[in-house]
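For reference, the chains in residue letters:
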Amino acid sequence: MRTTSLDLRERILAAYDQNEGTRLEVAARFRVSVGLVKKLLQQRRRTGDIRPRHHYSGRKPKLVQTHRQQLRELLSRKPDLTLEELRQALALDCTLPAIHYVLVELGLTYKKRHSGPVSKTARTSRARAGRGGGSKARSIRPN
């Protein structure tokens, strides 16, 4: 989706300010959504600026730089911490995948399996049976 140009934003607001129609009529005239007109009016009232604000959009990260430093320190001291243990140690209110993605970004690893020896398990199913049946000619009943 493309950003609405500054020129178009100015024309939309000028038309609304000169009472050339309601929000709905101004939106129809400039072929934009009513939501855009409303957003431009709110943004101008709140900040005094109508330029695009993309760098302010989106979810804000819950794991900030200080958390990243703490993760590094924790894993340098005890590298076998699980994601859950890391979350508890930092008292974070985020999901485990969020911690995982931060660790990937930092190039850090965490505990992936239990510390105990690898278990030697027995087979869980019997060996496959033979092919069974004979040739096709013998398995068809005569009429």
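In this report, we go over the structure that sits alongside the text. Bear in mind that the values here come from a model prediction, so they are computed numbers and not experimental data.

Calculation criteria
Residue numbers here run from 1 along each chain, matching the order of that chain's written sequence. For this predicted model, a pLDDT threshold of at least 70 governs which residues receive local features, and a threshold of 80 or more governs which side-chain atom pairs are given and counted, while totals over whole chains, interfaces and linings are taken from all residues. By convention in this description, side-chain values take in all heavy atoms of the structure and omit both hydrogens and water. Elements are defined by DSSP. Helices are runs of H or I of four residues or more, strands are runs of E of two residues or more, and each kind is numbered from the N terminus. Think of it in three bands: residues with accessible area under 20% of the maximum for their type are buried, residues over 50% are exposed, and the middle band is partly exposed, with areas taken using a 1.4 Å probe on protein chains only. Each C-beta atom gives one direction from the helix axis, and the arc is the one those directions make. What a helix should span is 1.5 Å times the count of its residues minus one. Contacts are assigned to residue pairs that have any heavy atoms within 4.5 Å of one another. A carboxyl oxygen of Asp or Glu within 4 Å of a side-chain nitrogen of Lys or Arg is what we treat as a salt bridge.

1. Some words on the overall build of the chain
Point 1. Each helix and strand in the chain was counted, giving 7 helices and 0 strands.
Point 2. Element order for the chain, N to C, with α for helix and β for strand: α-α-α-α-α-α-α.
Point 3. Taking all 143 residues of the chain together, the buried fraction comes to 24%.

2. Digging into helix H5 (residues 83-90)
Point 1. For H5, the complete set of buried residues consists of Leu83, Leu86 and Leu90. Take H5 and look down its axis: the buried residues cluster within an arc of 60°, on one side only.

3. Describing helix H3 (residues 34-47)
Point 1. With 14 residues, H3 extends 20 Å from end C-alpha to end C-alpha; this agrees with the ideal 20 Å at 1.5 Å per step.
Point 2. Taken residue by residue, H3 has Leu36, Val37, Leu40, Leu41 and Gln43 as its buried positions. When H3 is viewed along its axis, its buried side chains cluster within an angular range of 165° and face the same direction. Turned more than 90 degrees away from the buried face of H3, the exposed residues are Arg45 and Arg46.
Point 3. Looking at the packing, one finds that the buried side of H3 touches helix H1 (6-17) and helix H2 (23-30).
Point 4. With its phi angle positive at about 80°, Gly48 sits one or two positions after the end of H3.

4. Focus on the pattern of salt bridges
Point 1. Evaluated as defined, the whole model comprises 7 salt bridges.
Point 2. Its salt-bridge partner being Arg11, residue Asp7 comes within 3.3 Å of it at the nearest N-O pair. Of the two residues, Asp7 and Arg11 both sit in helix H1, 4 residues apart, roughly one turn of that helix.
Point 3. A relative accessible area of 44% means that Asp7 is categorised as partly exposed.
Point 4. Residue Asp49 is joined to Arg51 by a salt bridge in which the shortest nitrogen-to-oxygen separation is 3.1 Å.

5. Details of the side chain of Gln43
Point 1. Among the structural elements, Gln43 can be located in helix H3.
Point 2. With a relative accessible area of 4%, Gln43 lands in the buried category.
Point 3. Residue contacts for Gln43: discarding those within four places in its chain leaves Arg9, Gly48, Asp49, Ile50, Arg51 and Arg53.

6. Details of unusual backbone geometry
Point 1. Even without being a glycine, Arg31 presents a positive backbone phi close to 55°.
Point 2. With respect to the helices and strands, Arg31 occurs in the loop between H2 and H3.
Point 3. Looking at Arg31, the relative accessible area reads 79%, which means it is exposed.
Point 4. Located in the positive-phi region is Ala91, a residue other than glycine, with phi close to 55°.
Point 5. For Ala91, the position within the fold is in the loop between H5 and helix H6 (96-106).
Point 6. Ala91 sits in the exposed class, given a relative accessible area of 67%.

7. Let's talk about the environment of Arg72
Point 1. With respect to the helices and strands, the residue Arg72 is situated in helix H4 (residues 65-77).
Point 2. A relative accessible area of 43% means that Arg72 is categorised as partly exposed.
Point 3. Sequence separation of Arg72 and Leu108 is 36 residues, and the distance between their C-alpha atoms is 7.7 Å.
Point 4. When residues no more than four places from it in sequence are discounted, the contact partners of Arg72 are Leu106 and Leu108.

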